[in-house]
Amino acid sequence: MPERLDTPGIDAADFRVHVVTQAIRLFAENGYEATTVEQIATAAGVSRRTFFRQFRSKEDVIFADHESLLQQAGDYLTSESDDPWAAVCSTACLVFDRFQENRELSERRYRVVQRVPALRDREIVTGVRYERLFVDYLRNVVPTEPVLKVIGFAAAVTACHNHLLRNMIKGDPAATADALERALLDVRRTFGVAAGAPSREQNAVVVVSYPPGTPVDKITDGIATQLSQRHP
């Protein structure tokens, strides 16, 4: 790998994915805390200075492809759409597809993240950023819709995506792109924004009850499971 990122023919996104892949491999093999920036740079074939031109820290490098995907998701949503609710669902499917294409990398990252509390917190924050992207987009393109409807829709889409993505990474054969599409269609029907969707009075209500103090990710997984089971 060339030292300089600005070498002709070197794509910045490919460079970052290459470094991420090497970093996560080392984290999985040696442990997150035991792996140094120098080791990552050596494995990626770059200098320490080149590493820090692209990443601020080890924590940044493990989620670098998320940053690229967030940018792609934002770019996708800037394209004109006749159905912004469907556009949000298509964007969630796009993100799922990218992780499925790099399933081995996703599996390794999952194992590393589960061992390090700080990384688990960072992963939750990253998921919230996708949800915030969906909310901001919808509030801009459908400004007359109730804010709570927009927030609820974005939360449901994100919860379904995260639930199936986590299960896909764990090896669940039922956690597929088709399953996500079906679940998201049901979300649109539930919120009355799918073609031929029932009226508000006809919409089914999903109720998930948990005791105080239940982690947020467990609650969102429960919502996603309820929605996905309605149209298996």
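The structure we're discussing is the one just above.
Calculation notes
- Numbering of residues begins from 1 in every chain and follows the order in which that chain's sequence is written.
- This being a predicted model, a pLDDT of at least 70 is required before a residue's local features are given, and a value of 80 or more before pairs of side-chain atoms are given or counted; all residues contribute to the totals for chains, interfaces and linings.
- With hydrogens and water stripped out, all remaining heavy atoms of the structure feed into the side-chain values.
- By the criteria applied, helices consist of DSSP H or I runs no shorter than four residues and strands consist of E runs no shorter than two, each listed in order from the N terminus.
- Each helix should span, by expectation, one fewer than its residue count multiplied by 1.5 Å.
- Exposure categories follow from relative accessible area, calculated using a 1.4 Å probe and restricted to protein chains: below 20% of the type maximum is buried, above 50% is exposed, and the middle band is partly exposed.
- Two residues form a contact once any of their heavy atoms are found within 4.5 Å.
- In these notes, a set of buried Ala, Val, Leu, Ile, Met, Phe, Trp, Tyr and Cys residues joined through side-chain atoms within 4.5 Å is what counts as a nonpolar core.
- Only Phe, Tyr and Trp rings are paired, with Trp represented by its six-membered ring, and only when their centres lie within 6.5 Å; those with planes under 30 degrees apart are stacked, over 60 edge-to-face, the remainder tilted.

Draft legend 1. Seen up close, helix α7 (residues 103-115). Taking 1.5 Å as the rise per residue, α7 with 13 residues should run 18 Å; its terminal C-alpha atoms sit 19 Å apart, in good agreement. Regarding α7, the residues found buried are Leu105, Ser106, Arg109, Tyr110, Val112 and Val113.

Draft legend 2. Seen up close, the environment of Met168. Among the structural elements, Met168 can be located in helix α9 (residues 147-169). Here Met168 falls in the buried class, since its relative accessible area comes to 1%. Distance from Met168 to Phe99, taken between C-alpha atoms, is 9.4 Å for residues 69 residues apart in sequence. Among all residues touching Met168, those that are not within four sequence positions of it are Phe96, Phe99, Gln100, Arg103 and Ala175.

Draft legend 3. A look at α9. Along its 23 residues, α9 runs 33 Å from first to last C-alpha, staying within 8% of the 33 Å computed at 1.5 Å per residue. One or two residues past the end of α9 sits Gly171, with phi positive at roughly 100 degrees.

Draft legend 4. Geometry of the nonpolar core. Within the largest apolar cluster, 38 residues are counted, with the highest numbers of intra-cluster contacts made by Leu138, Phe153, Val157 and Leu184. Taken together, the elements giving at least two residues each to this core come down to α5 (64-78), α6 (84-101), α8 (117-141), α9 and α10 (177-190). Once residues within four sequence positions are removed from consideration, Phe153 is found in contact with Trp85, Val88, Cys89, Leu138, Val187, Arg188, Phe191 and Val193. Within the second largest apolar cluster, 24 residues are counted, among which are Val19, Tyr32, Val37 and Val61.

Draft legend 5. The packing of aromatic side chains, seen in detail. If you walk through the whole model with that rule in mind, you get five aromatic pairs. When the ring of Phe51 is compared with that of Phe52, the centres are 5.2 Å apart and the planes differ by 90 degrees; the resulting orientation is edge-to-face. On the basis of relative accessibility, which here comes to 34%, the residue Phe52 falls in the partly exposed class. Note on Trp85 and Phe153: the rings are 4.9 Å apart at their centroids and 85 degrees apart in plane angle, and the pair reads as edge-to-face. You can see Trp85 sitting in helix α6 and its partner Phe153 sitting in helix α9, a full 68 residues away along the chain. For Trp85, a relative accessible area of 6% corresponds to the buried category.

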